[in-house]
Amino acid sequence: MRKALELLAAAGEDGDQDGGIMRKVVAENAVVIFARNGCCMCHVVKLLLHGHGVSPTVVDVDELNEVKLAGELTEMIGGEEGPGSAAAMQFPAVFVGGELFGGLEEIMGAHISGELVPKLREARALWL
Amino acid sequence: MTSPTTQFAPPSRMSMYEPLHQMPLWDNAFDGNISSGTGVCVMTEMDTKVDDKIEYTSDKSLEHTEDTRASKSVSEKIQRRLEQNREAARKSRLRKKAYVQQLETSRLKLAQLELELERARQQGLLISGASSSTIGLCGGTVNSGIAAFEMEYSHWIEEQERNISNLRTVLQSPIGDAELQRVVENILNHYCNLFRMKRDAARADAFYLVSGMWKTSLERFFLWIGGFKPSELIGVVMPQLEPLTDEQNVNIFNLRHSCMQAEDALTQGMEKLQQTLAQSITFLVVGAGNCNAQTAAALEKLESLEGFIHQADHLREQTLQQMSRILTTRQAAKGLLAFGEYFARLRALSSLWTGRCPREPG
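Per chain, the residues get numbers from 1 upward, laid out in the order the sequence is written. Chain A is the first chain written and ligand 1 is the first ligand written, with later ones labelled in order. This being a predicted model, a pLDDT of at least 70 is required before a residue's local features are given, and a value of 80 or more before pairs of side-chain atoms are given or counted; all residues contribute to the totals for chains, interfaces and linings. Each side-chain value is worked out from all heavy atoms of the structure, with water and hydrogens disregarded.

A. Representation of the pattern of salt bridges. All names here are of chain B. Salt bridges are counted wherever a side-chain nitrogen of Lys or Arg sits within 4 Å of a carboxyl oxygen of Asp or Glu. Evaluation of the coordinates by the stated rule reveals eleven salt bridges over all chains. A salt bridge links E306 to R203, with the shortest nitrogen-to-oxygen separation between them at 3.9 Å. With E306 in helix α11 (residues 293-326) and R203 in helix α6 (residues 177-204), the pair connects residues that are 103 residues apart, well separated along the chain. According to the relative accessible area criterion, R203 is exposed, its value standing at 53%. Measuring nitrogen to oxygen at the nearest pair gives 4.0 Å for the salt bridge that ties E219 to K215. No difference in accessibility class separates E219 from K215, as the two residues are buried. Shared partners join several salt bridges into a network, and the residues in it are R168, E341 and R345. Comment: elements are numbered from the N terminus, with helices defined as DSSP H or I runs of at least four residues and strands as E runs of at least two. Buried means the residue's accessible area, taken with a 1.4 Å probe over protein chains only, is under 20% of the maximum for its type, while exposed means over 50%, and partly exposed covers the values in between.

Encoded structure:
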């Protein structure tokens, strides 16, 4: 499992995080998980994806940059930024093939219904 | 008036006493008080009546043995009287059986009520003991949310029993697929209602939910994150679904495998939660009040428990939905019946266990 971009997440402390980097990360990596450090739900998502032979890219979210990151991700998927937005970005958030797939609930649902594997294959996350 | 001769008497007396010996459970349960029960008194009276008649008529029967015509009508009357006695004895046995069953049910109910009382007492103690702290205040809200859940749950169980009974009847009737599908969907919705109820209750007290406090003892023995384990459900239900097509077999095998993977992931997630929580507790500053960062962090970790319960219930719901997709309407109906009956039996066995008499020492 590649754990990358913690430095980028931490760069948020400087107050100058480039939203474009997040966009790049999501576009260039088949599966990206945005999760709070030490989050147990994230652990479950990782285990499920590992079970399918996927090595997701994990972006650590800490208290300092959580709000900002949530805003940027919401903007990225075309939603409205800010506390008044209809569907607030929740962590862990999983992006598959450059698009927001959802949280643990969505991953679990797709895992059971059998829809997850085709989606992973489509995003070239699987080697087989 | 004729009546059975002495030689006929012993067999009928034996048949009256037989049920008594066949039911040692009742003997133990009532500690030998059974002889003072209504049922036995009735039988004793009847027995005495029979005895009286035997003694009264044994002399008379000797007088008439040479008269064949009289003895023929006598033997007919004897037969009729025998029949009446058998009938009366049978009715008496049935009455006794019903009475004892009623007593057993009341006994179980009493045991259950005692358990509930104890539980409520414990909850009450928690509230009164911690009323000064913030946790105590939370404990106050917990009680009402949980009390509401327990009430709703008992209604849910009643409706579930009705649904299952109806399903059993409907499966034995020549019902069309469309209507059977409606019945199946109704039952699936009923399960969704339960998951919704649990979600509301978890907000009030996640620990209550994760420990399955509202369930019977035996259900709690099989508990996995506040409910049944989906992969085990599939194992229980599958034998009832034969015959399955090859494709169905493959799909169900895959579903079970997926369930087990998801269950393992959630279990490991819970274990990680326990580990991180344990670590947080060792770093907690004791006596520094509720306001420090470490306490806040620990409390925040506890909040994720609610999420786990929700995910586990979501998995259960998804499994039920997927099963109904793989199976035909009739198979799904049979599966739901098997599932419902399994849990009804589990609850019944648990009640028997709870209500069983304590074993005498020695």
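B. Molecular detail of the nonpolar core. Ranked by size, the top nonpolar core spans 84 residues in total, and within it A:L120, B:I252 and B:L266 carry the most contacts. The element that contributes the greatest number of residues to this core is α6(B), accounting for eleven residues. Only buried residues count toward a nonpolar core. Its members are Ala, Val, Leu, Ile, Met, Phe, Trp, Tyr and Cys residues joined through side-chain atoms within 4.5 Å. A:V26, A:F34, A:L69 and A:A70 belong to the second largest nonpolar core, which has 15 residues in total.

C. Seen up close, empty space enclosed by the protein. Residues and elements named next belong to chain B. Within this scheme a cavity is a closed region of a 1 Å grid, computed over the protein atoms alone, that accommodates a 1.4 Å probe without allowing it to escape, whereas a pocket is open but has protein on both sides within 12 Å along at least five of seven lines; lining residues each have an atom within 4 Å of a point. Grid points are joined across faces, edges and corners, and a volume is the space filled by probe spheres set on the points. One pass over the full model with this rule turns up two cavities of 30 Å³ or more. When its volume is computed, the largest cavity comes out at roughly 120 Å³. Lining the largest cavity, in full, are L188, L233, V237, L320, M323, S324, L327, A332, G335, L336 and F339. For the lining of the largest cavity, the elements supplying multiple residues, two or more each, are α9 (230-237), α11 and α12 (329-355).

D. Broad picture of the packing of α6(B) against α11(B). Residues and elements named next belong to chain B. Lines fitted to C-alpha atoms define the axes, with helix axes restricted to the stretch in contact, and inter-axis angles between N-to-C directions lie between 0 and 180 degrees. Running from amino to carboxyl end, α6 crosses α11 at an angle of 175°, the nearest separation of the two axes being 10 Å. Relative to α11, α6 is oriented roughly antiparallel. Two secondary-structure elements touch here, α6 through L188, Y191, C192, F195, K198, R199, A202 and R203 and α11 through E306, I309, H310, D313, R316, E317, L320, Q321 and S324. Put simply, Ala, Val, Leu, Ile, Met, Phe, Trp, Tyr, Cys and Pro go in the nonpolar bin, Asp, Glu, Lys and Arg in the charged bin, and everything else, Gly too, in the polar bin. Tallied by class, residues from the contact of α6 with α11 come to seven nonpolar, three polar and seven charged. By the definition adopted for this analysis, an angle is roughly parallel if under 35 degrees, roughly antiparallel if over 145, roughly perpendicular if from 65 to 115, and oblique otherwise. In what follows, residue pairs with any heavy atoms lying within 4.5 Å of each other are defined as contacts.

E. The arrangement of the confidence of the model for chain B in detail. Residue and element names in this part refer to chain B. The predictor attaches a confidence to each residue, called pLDDT, with possible values from 0 through 100. Across chain B, pLDDT averages 79, with 73% of residues at or above 70. Within chain B, the element-level pLDDT minimum falls on helix α2 (residues 24-29), averaging 44, and the maximum on α6, averaging 95. Long-range and interchain partners of residues 54-58, a stretch whose pLDDT sits below 50, account for eight contacts in this model, where long-range means more than four residues apart. Overall, residues 126-142 carries pLDDT values under 50, and its contacts beyond four positions in sequence, including any with other chains, amount to eight contacts. Both scores are available for the predicted complex, with the pTM at 0.68 and the ipTM at 0.85.

F. Seen up close, the interface of chain A and chain B. Listed by partner, the interface residues are 16 residues for chain A and 23 residues for chain B. When the two sides are added together, the surface that chain A and chain B hide from each other amounts to roughly 1600 Å², 68% of it contributed by carbon and sulfur. Considering only the side of chain A, the residues that lose the most area to chain B are A:C40, A:E105 and A:I112, jointly responsible for 35% of the buried surface there. Residues adjacent in sequence count toward polar contacts only when both atoms are side-chain atoms; beyond that, a polar contact is any pair of N or O atoms within 3.5 Å, and within protein one must be able to donate a hydrogen and the other to accept it. The tally of links between chain A and chain B comes to four residue pairs in polar contact (both at pLDDT 80 or more). Listing elements by their share of the side of chain A that touches chain B, those giving two or more residues are α3 (40-51) and α5 (104-113) of chain A. Residues belonging to the side of chain A that touches chain B are distributed by class as follows: nine nonpolar, six polar and one charged. In short, buried area is how much 1.4 Å probe accessible area vanishes from two parts on joining, totalled over both.

G. Spatial organisation of the layout of surface pockets. Residues and elements named next belong to chain B. The volume enclosed by the second largest pocket comes to roughly 1100 Å³. Contributions of two or more residues to the lining of the second largest pocket are made by α4 (68-129), α5 (134-171), α8 (217-221) and α12. Broken down by element, the residue count for the lining of the second largest pocket peaks at eleven residues, all from α4. Split into classes, the residues belonging to the lining of the second largest pocket amount to 13 nonpolar, ten polar and eleven charged.

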